[in-house]
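# Fold and geometry: a report
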Amino acid sequence: MRAACFVLTSLIIGGLGACKPKNAGNAVSGNAAEKTYVAPGKYDEYYNFVSGGFSGQLSVYGLPSGRLLRVIPVFSLDPEKGWGFSEETKPMLNTSHGFTPWDDLHHVQLSKTKGDNDGRWVFVNGNNTPRLARIDLSTFRTAEILELPNSGGNHSSPFITENTEYVVAGTRFSVPMDDADGDVPINTYKKNFKGTLSFVSVNPQSGNMDIAFQIETPGVNFDLSRAGKGPSHGWFFFSCYNTEQANTLLEVNASKNDKDFVMAVNWKKAEEYVKAGKGKKVNTKYMHNVFDESTHTATSETKNNVIVLDAKELKDICYFIPCPKSPHGIDVDPTGQYMVGSGKLAALIPVFSFDKMIKAIEKKDFEGDFAGIPVIKYESALYGEVDKPGLGPLHTEFDGRGNAITTMFVSSEIVKWNIKDLKVIDRQPTFYSPGHLMIPGGDAIHPEGKYVVSYNKITKDRYLPTGPELSQSAQLFDISGDKMQLILDYPTIGEPHYAQAIKADKVTGKSVKIFKIEENKHPYVAKGESDTKVTREGNKVHVRMTTIRSHLTPDNIEGIRMGDEVYFHVTNLEQDWDVPHGFAIKGANNGELLVMPGETTTLKWVPDRVGIFPIYCTDFCSALHQEMSGYVRVSPA
Ligand code: CUK
Ligand code: CUA
């Protein structure tokens, strides 16, 4: 475990060893293998998109086999695919801070139509330098990255509304607004630090994102969020901790209050206020990066100004509901009627009723306000509590049969309970300390309650030791019967936080595509070997190059001089699945390329000495792959 996303007290850490079951190996029963076996040549039933945490990437697994199918680079450089190395992909990693080739990716959300996963896009968050990304499931590639202004620590993100109207992001770290003087003493937190909730609209055709508006709130830490659905469509719920508004030693100072809050946001109302011109324009600067599939090239645009609504001034868009204690999650059940909080320091799970909440708001059944935001009385919004479900409840998903399953970080188990009567039905140990869990469609209107995966923070004795750190483990359970049954363990990449899964045919049935060479509009494309050439513009040398099994054209390049900048524009003429070619040059000072069929990708190279430089294809593409090479000659200036 390197960077679990919350600070735990020594008490909790101390408890871990004691929770370790003695008969870990026996937790898997006899027919597990048959349930997870996907025969060679057969496909998995589900795509499982798993956040990579501090790796900054998104991994794609098959379920139930637990096979790793792909790592999709998002926020971090990826030498394997040339992501962030090629001239075409570099702009994707721009932010207002400059080239920002790393982030911390926590949450995954599939796009939804009528509350169910529709297989078009996956949205993910960059936690560190606040960003949202959209991955297109027709290419399995990051198509767009949008920076979020007025934000610090984009953790409560990206959660989406029932029809993907908005991707919503709450700031974990409150910070002064971008147009304020940020040079303030840190201990003026209460006065100067603000929370923000960003509502990012999604174009229903292209998927392109745009910040529709933000809501400014008092400075608290927004941790996680979920959209309402069905009856609660039009509302959004955020869990908040540090309602103590501490700015130092949060471990102690942000764990004092017996209850923190869930914030309920009426976003339909907020939309009306924006239309009515009630927002103020805040001057700021943020980047919006889009990957154009026709040119296979990303562009970055700097944007200014966002519309910000003030939650305190507009008295009826935000409400607090008390929630015990340091809540880490708020999850909305498939009916849209129940909101499940989880206080990681509480030994209970509060379940709120949407109807009761609305009644309480109508009757102004408030216990007062917090920094100008009305606080609904706990009992007035509460449906009931799950009593002593386990220790350290964190995250909840739903099985579609009236049950919820919640991870218990401290007591290392997943616990199934019934939403109506709030009784615990089953509990199974996990190895160890689960963070998020995932049921395919588990946050949707129609969950497919066949499997749950527990993403564990600590692996300890489950795998062969690999130095001081072990890969985080995922554990697959069959939940189709009364008892949850552990059927598979497998390692993950980076630190998985949230994940989602979707039936494979909902994705592949759409249009997973190869790029057609005729549609390639890259300015330096060579659509055949006869188009290849070397041209010079001042000290810039452009090499239009092609690859096809098994040669590079041209493969002998002369006329390069010291002081030149060389751009290798490599077009892969192949039109078959799974025949990329790579490109690298000795002394590679800008990484390598991996060029997909039909696409053009550019490597910039600045020679550092006179001489002969071998070039070659880096991807073993045919029996004559080793022959796929050539030379570049560099002469004195
Ligand atoms: S978080 Cu990691 S276990 Cu960042 Cu959603 Cu809860
Ligand atoms: Cu092309 Cu190896």
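Residues numbered from 1 in each chain as written. Chains lettered and ligands numbered in written order. Predicted model: local features only at pLDDT ≥ 70, side-chain atom pairs only at ≥ 80, totals over all residues.

Taking an unreviewed UniProt entry as the reference, the protein is identified by name as Sec-dependent nitrous-oxide reductase belonging to Chitinophaga tropicalis. UniProt lists a comment for the protein under the heading Subcellular location (unreviewed entry), and it reads "Cell envelope". (UniProt positions renumbered as here; feature names shortened; annotations may be inferred.)

Attention now moves to the domain arrangement of the protein. The domain boundaries assigned to the protein delineate domain 1 (1-71 + 399-513) and domain 2 (517-635). When each unit is reduced to the centre of its C-alpha atoms, the spacing between domain 1 and domain 2 is 43 Å. (Domains from an automatic or database assignment.)

Moving on to the sheet that holds strand 34 (residues 473-478). Taken in spatial order, the four strands line up as 32-33-34-35 in an open sheet, and their pairing is antiparallel. If you trace the sheet from one side to the other, it starts and ends with strand 32 (434-438) and strand 35 (485-491), each paired once. Neighbour-to-neighbour, the strand axes of the sheet open up by a mean angle of 25°, direction not taken into account. Of the strand pairs in this sheet, strand 33 (residues 451-456) and strand 34 are connected by five bridges, and their pairing is antiparallel. Residue pairing for strand 34: Tyr-455 is matched across the bridge by Ala-474. (Pairing = 2+ DSSP bridges. Helix = DSSP H or I, 4+ residues; strand = E, 2+ residues; numbered from the N terminus. Axes fitted to C-alpha atoms, helices over the stretch in contact; angles between N-to-C directions.)

We now examine the nonpolar core. Side chains of nonpolar character tend, in soluble globular proteins, to be buried together. Counting 122 residues, the largest nonpolar core has Val-265, Ile-321 and Val-452 as its most contacted members. If you tally residues by element for this core, the top one is strand 15 (residues 235-241), at six residues. Those residues within four positions of Ile-321 in sequence are excluded, and the remaining contacts are Phe-261, Val-262, Ala-264, Phe-352, Met-357, Ile-376 and Ala-381. By size, the runner-up hydrophobic cluster in this structure holds 25 residues, among which are Leu-593, Leu-594, Trp-605 and Met-628. (Core = buried A, V, L, I, M, F, W, Y, C linked by C-beta atoms within 7 Å. Buried ≥ 20, exposed ≤ 12 C-beta atoms within 10 Å, placed from the backbone. Contact = placed C-beta atoms within 7 Å.)

Glancing now at the pairing of strand 45 (residues 611-616). In this sheet, strand 45 lies alongside strand 42 (residues 581-585) in antiparallel orientation, the contact comprising two bridges. Looking at the pairing, Ile-585 lines up with Ile-615 of strand 45. Bridge count for strand 45 against strand 46 (residues 629-635) is six bridges, and the pairing is antiparallel. The residue bridging Tyr-616 from the neighbouring strand is Ser-629, located in strand 46.

Okay, unusual backbone geometry next. Each neighbour pair has its own omega, and for Leu-63 with Pro-64 the value is 15°, a cis peptide bond. Following Phe-431, the chain continues into Tyr-432 via a peptide bond in cis, with omega recorded as -10°. With respect to the helices and strands, Tyr-432 occurs in the loop between strand 31 (424-429) and strand 32. Despite not being glycine, Lys-114 has its phi angle at roughly 50°, a positive value. Its location among the elements puts Lys-114 in the loop between strand 6 (108-113) and strand 7 (116-126).

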